[in-house]
Amino acid sequence: MSGTPKSSSGPDLSAYPGGEDLYRLRHSAAHVLATAVTELFPDVKVAGGPPVEGGFYYDFAKATPFAPEDLERIEARMREIVAAAQPFEYAEMTRDEAHAHWEKAGEKYKLHFLSQIPADAKVTTYRNGAFLDLCRGPHVKTTADVKAFKLTHVAGAYWLGSEKNEMLQRIYGTAFATQAELDEHLQRIEEAQKRDHRRLGRELDLFSIQEEIGPGLVLWHPRLGIVRHVLEQFWKEMHHQRGYQFVYTPHIASEKLYEISGHLQNYADIMYAPMQIDEQAYRAKPMNCPGHIMIYNARKHSYRELPVRYAELGTVYRYERSGVLHGMERVRGFTQDDSHIFCRPDQLQDEVQGVLDLHHDLITTFGYEYRCYLATRPHDKYLGSDEEWEFATNALRGALEARGMAYEVDEGGGAFYAPKIDIKLKDAIGREWQCGTVQVDLNLPKRFGVYFTGSDGKDQGGKPGELKKDISSQKVEVKSQDGKEGKLDHLHKDVDSKKLQSKDHEDHGKAPKNPTSKGINSKAKGSANFNFDLDLSFGKSNLKNRPGDHHGGFNFRVELSFDGIKAGAFRSVEGLAVSVELI
């Protein structure tokens, strides 16, 4: 039978980006890839190959790595298979028949997948040409429907995602309904490669990750360090204007703290192993929340004091498998903007709205567009009562609607302990990145016995709602660097040409309760500070070398402060005239 029968039990495709038709196309392209590979490399063993967002892949076990010229051969063979219009033929097997077939072929990976099929489920296969795969579908009718495709790259992948297993070779590709869509996608990939922050970090001397320090642990170099410093100063001013109090928590804490919070029970796999100090187990801090709660609990609070807003640029440490580490985007130690607001139930929606205002001002300051997603209670496992979840979710929804913000509902996408608003920003080439999160947690305060004294003089145990805000982190700062069109390259060129531009800023005076950021970037009207490196190096120079000279190269740092719209600076160094023009 060609194509996919309507009665077959296939995967749920409702959430696949692009819909079922695109899923079918890419799934079929993955089978065409596997067909070509097994024909060109008969000794290869086949694992699995699903469609993924943006394309598809297939994993293979091969004694030697695929070379770039191998990809060219594979893609050429794929085009021949497409031209042959091989039908995708659906069939069913008994479990014994399937086991005998793949055992004879020596396909241990397929035998594993066979063992995962429930005993009461059908064993279904698809064939095109000589390639038979254990598969639920769905597929297009023939290989001729797979016209616009491209293999992109090869990467290593551990079998079943575990570092304890062997490394397979994963060939990635993509496919679209039309050549125009494919060309547009490939152009986006090319633009993304230009903005690869790992390349920019190396070429512009911004950061490094060194074996002696450890994988996933980032060293910030001076050029990126000054960027971080400026961003942190801006962040502090924005939060101070809005009534946040700055706090600092230790990088390690007793394991008992994370037993109370529940992190040890639920997140032990991402926490670092305990350190024994004075016969007591300590852990590297994976979250900032418990520390902020302990600060709140250090004394009593009256209902009149609420809301209490704490903010910290807190460094946390979380274990990530080495196979998923990626520059500054997937790391093992990072600093995040982590704030917590303790408030009365009647204050909750206003506080959420204030956090959304702050998100908006911070994100749009850097020219980003963003979208909000309201993630609701998980369908299966969650903490707290249905009434508590409804109250917290309604507060988030009410704040979004009060600001007139468009949002999408992510049904069941909340954390097991709290609903949340996920804020995702778009970069210069349309990619969406997770940025900030706003959570209403009514469960963690109960675990720590958080309370306030009510108007009747009685303690309201576990009553303050904890509003969590995570706007930016080390990773998000990287997005702002590699996401915008030529952002860092533009900075580099400005320094080389010795021309800088400044915008006039306006001070709007004292901020209201939940103010916006307009006009708070500078203390005095028309003032600005610049920090930059000026590299004056020449291949040839008529200057005589003197002791201490850098063989004709002059490197120095200039820091300028100026008032007014136009200003100029002139300096002579060892007979070399340097002109810096400010426009």
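Definitions and cut-offs
Residues numbered from 1 in each chain as written. Predicted model: local features only at pLDDT ≥ 70, side-chain atom pairs only at ≥ 80, totals over all residues. Heavy atoms only, no water. Phe/Tyr/Trp six-rings, centres within 6.5 Å; stacked < 30°, edge-to-face > 60°. Helix = DSSP H or I, 4+ residues; strand = E, 2+ residues; numbered from the N terminus. Buried < 20%, exposed > 50% of the residue type's maximum accessible area, 1.4 Å probe, protein only. Lys NZ or Arg CZ within 6 Å of the ring centre and 35° of its normal. Pairing = 2+ DSSP bridges. Salt bridge = Lys/Arg side-chain N within 4 Å of Asp/Glu carboxyl O. Core = buried A, V, L, I, M, F, W, Y, C linked by side-chain atoms within 4.5 Å. Contact = heavy atoms within 4.5 Å. Axes fitted to C-alpha atoms, helices over the stretch in contact; angles between N-to-C directions. Parallel < 35°, antiparallel > 145°, perpendicular 65-115°, else oblique. Left-handed = near helix turned anticlockwise from the far one by under 90°. Nonpolar A, V, L, I, M, F, W, Y, C, P; charged D, E, K, R; others polar. Polar contact = N/O pair within 3.5 Å; in protein donor to acceptor, adjacent residues only side chain to side chain.

Q: What should I look at first to understand the packing of aromatic side chains in this one?
A: The description of an aromatic ring pair uses the distance of the two centres, along with the angle that the planes make with each other. Taken as a whole and assessed by the stated rule, the structure comprises 16 aromatic pairs. Arranged with centres 6.1 Å apart and planes meeting at 90°, the rings of Phe 234 and Phe 366 form a pair that is edge-to-face. Here the residue Phe 234 occupies a position in helix H7 (residues 222–241), and Phe 366 occupies one in the loop between helix H11 (348–365) and strand S17 (369–375), the gap between them amounting to 132 residues. Assessed through its relative accessible area of 35%, Phe 366 is described here as partly exposed. Ring centres of Tyr 272 and Tyr 319 lie 6.5 Å apart, and the angle between their planes is 85°; this geometry places the pair in the edge-to-face category. Of this pair, Tyr 272 sits in the loop between helix H9 (263–267) and strand S13 (275–277) while Tyr 319 sits in the loop between strand S15 (308–317) and strand S16 (333–343); the two residues are 47 residues apart in sequence, bridging distant segments of the chain. On the basis of relative accessible area, Tyr 319 is assigned to the partly exposed category, the value being 30%. Taken together through their ring pairs, the aromatic side chains of Phe 41, Tyr 58, Phe 60 and Phe 66 make up a single cluster. We note Arg 26 situated over the ring of Phe 176; from NZ or CZ to the ring centre the distance is 4.7 Å. Here Arg 170 stacks its cationic end above the ring of Tyr 57, 3.8 Å away from the centre of that ring.

Q: Explain the pairing of strand S8 (residues 167–176) to me, please; I cannot follow it from the model alone.
A: Each regular strand carries side chains that alternate between the two faces of the sheet. Within S8, eight of the 10 residues are buried, which leaves it mostly tucked inside the rest of the structure. Here five bridges tie strand S3 (residues 55–61) to S8, and the two strands are oriented antiparallel to one another. Each residue of the ladder has a partner; that of Phe 56, found in S8, is Gly 173. Bridge count for strand S7 (residues 148–158) against S8 is 10 bridges, and the pairing is antiparallel. Within S8, the position partnered with Lys 150 by the bridge is Thr 174.

Q: What exactly am I supposed to notice about the pattern of salt bridges here?
A: If the charged atoms of two oppositely charged side chains come close together, the side chains can form a pair. Enumeration over the complete set of coordinates arrives at 27 salt bridges. For Arg 403, the salt bridge is made with Asp 357, and the minimal N-O distance between the two is 2.4 Å. Of this pair, Arg 403 sits in the loop between helix H12 (386–402) and strand S18 (407–410) while Asp 357 sits in helix H11; the two residues are 46 residues apart in sequence, bridging distant segments of the chain. The exposure class assigned to Arg 403 is partly exposed, which follows from its relative accessible area of 26%. On the basis of relative accessible area, Asp 357 is assigned to the buried category, the value being 17%. Here Asp 422 and Lys 420 are joined by a salt bridge, their closest N and O atoms 3.7 Å apart.

Q: How should I be thinking about the nonpolar core in this particular structure?
A: Most often, soluble globular proteins keep nonpolar side chains buried together rather than apart. Core analysis: the biggest nonpolar cluster contains 35 residues, and Leu 33, Val 37, Phe 60, Ile 74 and Ile 171 have the highest contact counts within it. Only helix H1 (19–40), S3, helix H2 (68–83), S7 and S8 provide two or more residues apiece to this core. Broken down by element, this core gets its largest block of residues, 10 residues, from H1. Setting aside anything within four residues of it in sequence, one finds Leu 33 in contact with Phe 56, Tyr 58, Phe 60, Ile 74, Met 78, Leu 151 and Ile 171.

Q: Help me understand the packing of H7 against H11 in this model?
A: When two helices pack together, their arrangement is given by the angle between their axes and by how far apart the axes lie. Close contact between H7 and H11 brings their axes to 11 Å; oriented N to C, the two are set at 150°. By the angle class used here, H7 and H11 are roughly antiparallel. Like other packed secondary-structure pairs, H7 and H11 cross with a definite hand, here right-handed. Here Phe 234, Met 238 and His 239 of H7 lie close against H11, whose contacting residues are Leu 358, Asp 361, Leu 362 and Thr 365. Looking at the contact of H7 with H11, its residues break down into four nonpolar, two polar and one charged.

Q: Honestly, the sheet that holds S13 in this entry has me stumped. Any pointers?
A: Strand pairs in the sheet, formed through backbone hydrogen bonds, run parallel or antiparallel to each other. The three strands lie next to each other as S12-S14-S13, forming an open sheet whose pairing is antiparallel. In the strand order of this sheet, the two ends are held by strand S12 (252–254) and S13, each with one partner. Across the sheet, the axes of successive neighbouring strands diverge by a mean angle of 40°, strand direction being ignored. Two strands pair when backbone bridges link them, and S12 and strand S14 (residues 280–284) are joined in this way by three bridges, in the antiparallel orientation. Bridge pairing in S14 links Ser 254 to Tyr 282.

Q: Hey, could you run me through the packing of H1 against H2 in this one?
A: Interaxial distance between H1 and H2 falls to 9 Å at its minimum, and their mutual angle equals 115°. Handedness of the crossing formed by H1 with H2: right-handed. Mapping the contact onto sequence places Ala 29, Val 32, Leu 33, Thr 35, Ala 36, Val 37, Glu 39 and Leu 40 in H1 and Arg 73, Ile 74, Arg 77, Met 78, Ile 81 and Val 82 in H2. Residues that form the contact of H1 with H2 fall into these classes: 10 nonpolar, one polar and three charged.

Q: How do you make sense of the pairing of S14 when you look at a structure like this?
A: As paired elements, S13 and S14 share three bridges and run antiparallel to each other. The partner of Gln 276 across the bridge, within S14, is Ala 281. As consecutive antiparallel partners, S13 and S14 are separated by two residues, and within that stretch Asp 278 has a phi angle of approximately 50°, a positive value.

Q: It is not clear to me how the side chain of Arg 170 should be interpreted in this structure. Could you clarify?
A: Note that Arg 170 resides in strand S8. Of note is the side chain of Arg 170, whose polar atom sits 2.7 Å from the side chain of Asp 59. Not counting residues within four places of it along the chain, the set of residues in contact with Arg 170 comprises Tyr 57, Tyr 58, Asp 59, His 153, Val 154, Ala 155 and Ala 157.

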